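The residues making up each chain are set out below.
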Amino acid sequence: MIYLDNAATTFPKPPETEAAMVEAIRSLGNAGRGAHASSLAAGRKIYQVREMLAELFHAEDSSRIAFAQNTTQALNTAIFGTLAPGDHVITTMCDHNSVLRPLYLLEKRGVSLTVIPADEKGRIDYDAMRKAVRRETKAIVVTHASNLTGNVTDLKTVVKIAKDNGFLLIVDAAQTAGILPIDVQKTGIDILCFPGHKGLFGPQGTGGIYVRNGLTVRPLMVGGSGVKSFEQEHPREMPTALEAGTMNAHGIAGLGGGLSFIRKTGIEMIRKREEGLAGRFLEQIREMKKVTVYGDFSGETERVGTIALNIGDMDSGEAAERLAEEYDIAVRAGAHCAPLMHKALGIEARGAVRFSFSYFNTKEEIDEAARAVQEMAEEG
């Protein structure tokens, strides 16, 4: 199988991820729930991975990183934990349902919402974002890169809008963590939400949230914490404040394996390879008749290794099914949980076929995928 659905989850994982998970299953107990060796080992492993994440994202210290099940849980924690009735929040048409649906729910509860438009190439209207600011604006929630077009958001501009007006910046790094360098302090990000199973090469069921020093986020869940058990309130200190219940020590250990691979290989090397593979694919398919490619390829917008397209009048689902059955190529089709982005691109009815590349793909796989697209386009 040629796997080109890495924007959904990276596959394969590096050997370090598998080895770390196997070792964890064999040795780790429940962190913070005992003084025996297996519990202490789990606690040490979780701390170690937390330290690795703090280093990767340049957090003030590792206590500002809390683990989550995925980016969706982290975003829900950030959104519900900072906004209240009477607040105003800004997001964009490029954002994922993990942002939009919590905001729609809060809108019904008295939070005002402004969605900034994007053009036919998926580019955010930053002038409209500036004009959307109100006295009661509390936060901007924005994706770091579109999971459909691969366009990277101009965070420098968004940060300036947020900081000039004194409100929070919440960033969805689902498509960029482990792929683009992220320095939360230097950039000015207040909350960063990230997955473990995509660019960080960890297992599914892992992810996390960074919360800058001095900012308090109301917890999404409360319960067992292993500390202060006789108090009625859940602990307020980070990271325990946002980590209720048994930690996914085995998954976190696997995430640590993925981070070890990134540390050894280097983000710049990973990024360079993925960009090269995406560029190789684009050069072969962008001039094909009956192939429409979505996104900004002018060179003015930074990109990640994701390319969305459609073939003639073919439904995207049919195209993906044919790629899988006839060519053994795995891609994703449909709406990609980004409904407003499809509206901006004018493809609400048919969706798009998404090719997303990873460090472990090869040039031969890219060429085979391009050949498959060409054959399908020629067949009509």
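These numbers come from a predicted model, not from an experiment.

Reading the values: the criteria
- Residues numbered from 1 in each chain as written.
- Predicted model: local features only at pLDDT ≥ 70, side-chain atom pairs only at ≥ 80, totals over all residues.
- Heavy atoms only, no water.
- Helix = DSSP H or I, 4+ residues; strand = E, 2+ residues; numbered from the N terminus.
- Phe/Tyr/Trp six-rings, centres within 6.5 Å; stacked < 30°, edge-to-face > 60°.
- Buried < 20%, exposed > 50% of the residue type's maximum accessible area, 1.4 Å probe, protein only.
- Pairing = 2+ DSSP bridges.
- Axes fitted to C-alpha atoms, helices over the stretch in contact; angles between N-to-C directions.
- Parallel < 35°, antiparallel > 145°, perpendicular 65-115°, else oblique.
- Left-handed = near helix turned anticlockwise from the far one by under 90°.
- Contact = heavy atoms within 4.5 Å.

**Student:** Quick rundown of unusual backbone geometry? Include the residues and the values.
**Tutor:** Phe-11 connects to Pro-12 through a cis peptide bond whose omega is 0°. Along the chain, Pro-12 falls in the loop between strand S1 (2-3) and helix H1 (15-27). With an omega dihedral of 0°, the bond running from Met-238 to Pro-239 counts as a cis peptide bond. In this fold, Pro-239 is placed in the loop between strand S8 (207-211) and helix H8 (249-265). Even without glycine at this site, Asp-328 takes up a positive phi of about 55°.

**Student:** Go over the packing of aromatic side chains, please, and point to the residues and values.
**Tutor:** Evaluated as defined, the whole model comprises 9 aromatic pairs. On the numbers, 5.5 Å between centres and 55° between planes, the contact of Phe-281 with Phe-357 is tilted. In this pair, Phe-281 sits in helix H9 (residues 267-285) while Phe-357 sits in the loop between strand S13 (352-356) and helix H12 (363-379), placing the two residues 76 residues apart along the sequence. A relative accessible area of 0% places Phe-281 in the buried class. Centroid distance Tyr-359 to Phe-360: 5.4 Å. Interplanar angle 90°. Geometry classified as edge-to-face. For Tyr-359, a relative accessible area of 22% gives the class partly exposed. Following the ring pairs from residue to residue traces out a cluster consisting of Phe-201, Phe-261, Tyr-359 and Phe-360.

**Student:** Give a description of the sheet that holds strand S5 (residues 137-143) that names residues and reports values.
**Tutor:** In a beta sheet, neighbouring strands pair by backbone hydrogen bonds and run either parallel or antiparallel. Read across the sheet, 7 strands follow the order S2-S8-S7-S6-S5-S3-S4 without closing on themselves; strand pairing throughout is mixed. Taken across any chain shown, the strands that pair with only one partner, and hence form the sheet edges, are strand S2 (65-68) and strand S4 (112-116). When the angles between neighbouring strand axes are averaged without regard to direction, this sheet yields 20°. Where strand S7 (residues 191-195) lies against S8, 5 bridges are found, and the strand directions are antiparallel. Across the sheet, Ile-191 pairs through a bridge with Val-211, a residue of S8.

**Student:** Please set out the packing of helix H2 (residues 37-57) against H8 residue by residue, giving values where relevant.
**Tutor:** Packing of H2 against H8 brings their axes to within 9 Å, and their N-to-C directions diverge by 40°. Here H2 lies oblique to H8, going by the angle between them. As for how H2 packs across H8, the hand of that crossing is left-handed. The segment H2 lies against H8, with Ala-42, Lys-45, Ile-46, Val-49, Met-52, Leu-53, Glu-55 and Leu-56 engaging Ala-249, Ile-252, Ala-253, Leu-255, Gly-256, Leu-259, Ser-260 and Arg-263.

Purely geometric stuff here, so don't read any function into it on its own.
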